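Survey of secondary and tertiary structure
The chain contents come next:
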Amino acid sequence: MTYRASYIAELVGGRLVGEDVEVSSIRGYHEAGPDDITFVLDASLLSKPTDAKVVIAPDGVEGVEGKSLILVKNPLEAAVVVANLFYREEFGEGISERAVVYPGAKISEGVVIREFAVVEDGVELGRNVVVMPYVYIGRDSVIGDGTVLFPGVVIYPGTVVGKRCRIHAGAVIGADGFGYFEKSGKRIKIPQIGRVVIGDDVEIGANTCIDRATFGETVIGDGTKIDNLVQIGHNVKVGRDCAFAGQVGISGSVVVGDRVLMGGQAGIADHAVIGSDVKVAAKAGVFGRVRDGEAIVGAPAMPAPRWKRIQAIINRLPEMYQLFKRLKRRG
């Protein structure tokens, strides 16, 4: 499909400056070819060469020789709209004869179930759910409208997944939590009989694991985005619109507020309570309680201003040690 620049400008609510040329795809600024549209977030990038015919750019940019510009308030948002215009995911249609769908499953209109998927009794699949090859959905689970389960996803029994979620390859939702007690030097398993409840518009990355509750529910709030290789323990409660980068580890019974950001490899100790709008730096080790709106760094984690002061002192330790030795010699 090709689209004229004027059509795209209207679609994204922008203003076209230059010729009304046709484009057939969207690519990055440096990779784009003569039939592509691209975008810049920083107008200074326009001084660098690109073969793209059309560039989405911030409002206020002046014309660039040989290029058509679409000027918008938010180039990234506009680029997302254009990407969705050119690229649509294809999942197939219908239920494969090579899928295993138990007779007690409830399948709504528009559901796609690909080969070698297993859907057990009592499962409810909402409208337009996509179940890719080798997915397993355990009994009595509920999958909301428009959710996509990518290849190899495992949904343990009793799990609830909301609408328009995306769960990527290899993710495991609802495995037993890491719950044991010690008796006579041995670890005795505590039955994990709760479930996982995932809200609407949640995205879960490849090979991420979210454990079922011991009792009650492990909860992931609406709009939360979770990267690859994240571990979320039993009975964790995560709020709305959070974002966790790869290899974050959250221990059992942690409570996380809304709009919390966690950098890669951050570790949260069990029973910690993290307020809303908190920013946790990469590799931070979090214990106890974190107040709303704090930015925390380090292991053990502390407020960012204090951590910066400590780092400044650490960087001066060699000089401070030499001074200490001189003062000690003076006696």
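Computed from a predicted model, the values in this text were never measured in an experiment. (Residues numbered from 1 in each chain as written. Predicted model: local features only at pLDDT ≥ 70, side-chain atom pairs only at ≥ 80, totals over all residues. Heavy atoms only, no water.)

Here we take up unusual backbone geometry. Each neighbour pair has its own omega, and for Ala299 with Pro300 the value is 0 degrees, a cis peptide bond. Locating Pro300 in the fold gives a position in the loop between β39 (295-297) and β40 (302-303). Despite not being glycine, Tyr134 shows a phi value in the positive range, around 70 degrees. Along the chain, Tyr134 turns up in the loop between β13 (130-131) and β14 (136-137). (Helix = DSSP H or I, 4+ residues; strand = E, 2+ residues; numbered from the N terminus.)

Let's shift gears to the pattern of salt bridges. One pass over the structure, following the stated rule, counts 13 salt bridges. Across the pair Glu89 and Arg166 runs a salt bridge whose closest N-O atoms are separated by 2.8 Å. One end of the pair, Glu89, is in the loop between α2 (75-86) and β8 (100-101); the other, Arg166, is in strand β19 (residues 166-167), and 77 residues separate them in sequence. A salt bridge links Glu115 to Arg98; the shortest N-O distance between them is 3.8 Å. Separated by 17 residues along the polypeptide, Glu115 in the loop between β10 (112-113) and β11 (118-119) and Arg98 in the loop between α2 and β8 bring together distant segments of the chain. With a relative accessible area of 17%, Glu115 lands in the buried category. For Arg98, a relative accessible area of 53% corresponds to the exposed category. Because the salt bridges share partners, they merge into one network encompassing Glu89, Arg166 and Glu203. (Salt bridge = Lys/Arg side-chain N within 4 Å of Asp/Glu carboxyl O. Buried < 20%, exposed > 50% of the residue type's maximum accessible area, 1.4 Å probe, protein only.)

What follows is about the environment of Phe287. Following the sequence through the fold, Phe287 ends up in the loop between β37 (285-286) and β38 (289-290). For the pair Phe287 and Ala269, spaced 18 residues apart in sequence, the C-alpha to C-alpha distance is 5.4 Å. Look past the residues within four positions of Phe287 in its chain and what remains in contact with it is Ala269, Ala272 and Pro300. (Contact = heavy atoms within 4.5 Å.)

This paragraph deals with a nonpolar patch on the surface. On the surface, Ile313, Ile314, Leu317 and Met320 cluster together to form a nonpolar patch covering roughly 340 Å² of accessible area. Residue assignment for the nonpolar patch shows that the elements contributing at least two residues are α3 (304-315) and α4 (317-330). Take Met320: it is sitting in helix α4. (Patch = residues over 30% accessible without salt bridge, like charges linked within 9 Å, V, L, I, M, F, W, Y side chains within 5 Å. Areas by Shrake-Rupley, 256 points an atom, 1.4 Å probe, with all protein chains shown as cover.)

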